[in-house]
Amino acid sequence: MSKAKSLTRRAEELRAIARRIADEANAGWLATAATGSTARGDAHEGSDLDLWVIGTKDEVIDRVVDGVPVTIFVQTLETATTLANITLFEVDDLWVISDGARIFDRVRNAYDAQRGTIQRRVIDATVIDTFTLMQLAGDDAGLAAHVYLLEAALRIASIDGY
């Protein structure tokens, strides 16, 4: 019998905020999911909240809720199911909050069918970001660049078969 991974206290707090945002959302939101550390359950103090919403228009909404920075990535159903900008989201680690039409299941199926191509896009974007930040490493952005490089390496290492 496998034991479910326990959530950090911060992940529980962020999930409560995510539920509240989804409950308060306008009727234009068809589905809502959390991504990142909130979805994985390993959020820590300082973690923000990233939500992926299927709605009526493509937009990014930045808010602060209860002192927590929240980024809401809104995509139309067409954008989401054609996997446009899929590298912004962590499809494998979604924590679905609301999705009566099972849209995120369709997105996951489309993602699984194109996983290799999408992973190559993530790798290519990571390489470009890494080289750009390496150029900045000599100035005040050096520490941030090194942290980013670590995160980039972890992203690459997490890709199956790479």
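Described below are features of the structure shown in this document. (Residues numbered from 1 in each chain as written. Predicted model: local features only at pLDDT ≥ 70, side-chain atom pairs only at ≥ 80, totals over all residues. Heavy atoms only, no water.)

The helix and strand inventory of the chain stands at 6 helices and 5 strands. Considering only contacts within the chain whose residues lie at least 6 apart along the sequence, 55% involve residues at least 24 apart. (Helix = DSSP H or I, 4+ residues; strand = E, 2+ residues; numbered from the N terminus. Contact = heavy atoms within 4.5 Å.)

Relative to the helices and strands, threonine 76 is located in strand E4 (residues 68–76). A residue is classified by how much of its surface remains accessible, and threonine 76, at 19% relative accessible area, is buried. At 2.9 Å, the side chain of threonine 76 and the side chain of threonine 79 are in polar contact. Ignoring anything within four residues of it in the chain, the contact list for threonine 76 reads Ile54, Gly55, Thr56, Lys57 and Asp58. (Buried < 20%, exposed > 50% of the residue type's maximum accessible area, 1.4 Å probe, protein only. Polar contact = N/O pair within 3.5 Å; in protein donor to acceptor, adjacent residues only side chain to side chain.)

The pairing of strand E3 (residues 59–65) with E4 spans 7 bridges and is antiparallel. Considered in E4, the bridge of aspartate 62 is made with threonine 71. In sequence, E3 turns back onto E4 through a hairpin of 2 residues, with aspartate 66 there showing a positive phi of about 55°. (Pairing = 2+ DSSP bridges.)

Here we come to the sheet that holds E3. Pairing is mixed across the open sheet formed by 5 strands, whose spatial order is E3-E4-E2-E1-E5. Across the chains shown, the open sheet's two edge strands, defined by having one partner strand only, are E3 and strand E5 (95–98). Sheet twist, expressed as the average angle between the axes of neighbouring strands with direction ignored, equals 25°. (Axes fitted to C-alpha atoms, helices over the stretch in contact; angles between N-to-C directions.)

Below, the discussion takes up the pattern of salt bridges. Overall, the coordinates contain 8 salt bridges when judged by the stated rule. Of the charged contacts in the structure, one is a salt bridge between arginine 20 and aspartate 66, with a shortest N-O distance of 2.8 Å. Separated by 46 residues along the polypeptide, arginine 20 in helix H1 (residues 9–24) and aspartate 66 in the loop between E3 and E4 bring together distant segments of the chain. Residue arginine 20 is classed as partly exposed on the basis of its relative accessible area of 34%. Judged by relative accessible area, aspartate 66 falls into the exposed class, the value being 58%. Here aspartate 42 and arginine 40 are joined by a salt bridge, their closest N and O atoms 3.3 Å apart. (Salt bridge = Lys/Arg side-chain N within 4 Å of Asp/Glu carboxyl O.)

Ile17, Ile21, Leu49, Leu51, Val68, Val70 and Ile72 are the most contacted members of the largest nonpolar core, which has 18 residues in total. Every element with two or more residues in this core is listed here: H1, strand E2 (49–55) and E4. With 5 residues, H1 is the single largest residue contributor to this core. The residues contacting isoleucine 72, other than those within four sequence positions of it, are Ile21, Trp29, Leu51, Val53, Glu59, Val60, Ile61 and Arg63. (Core = buried A, V, L, I, M, F, W, Y, C linked by side-chain atoms within 4.5 Å.)

Let's shift gears to helix H4 (residues 103–113). Of all the residues in H4, the buried ones are Ile103, Phe104, Val107, Ala110 and Tyr111. Down the axis of H4, the buried set is contained in an arc of 120°. They therefore lie on one face. In H4, the exposed residues that point more than 90 degrees away from the buried face are Asn109 and Ala113. (Arc of directions from axis to C-beta.)

With 16 residues, H1 ought to run about 22 Å at 1.5 Å a step, and its terminal C-alpha atoms sit 23 Å apart, in line with that. For H1, the set of buried residues is Arg10, Ala11, Leu14, Arg15, Ile17, Ala18, Ile21 and Ala22. All buried residues of H1 project into a common sector of 165° when viewed along the axis, lining one side. Exposed and facing more than 90 degrees away from the buried side of H1 are Arg9, Asp23 and Glu24. Looking at the buried positions of H1, the neighbouring elements they touch are strand E1 (31–35), helix H2 (36–40), E2, E3, E4 and E5. (Expected span 1.5 Å × (residues − 1).)

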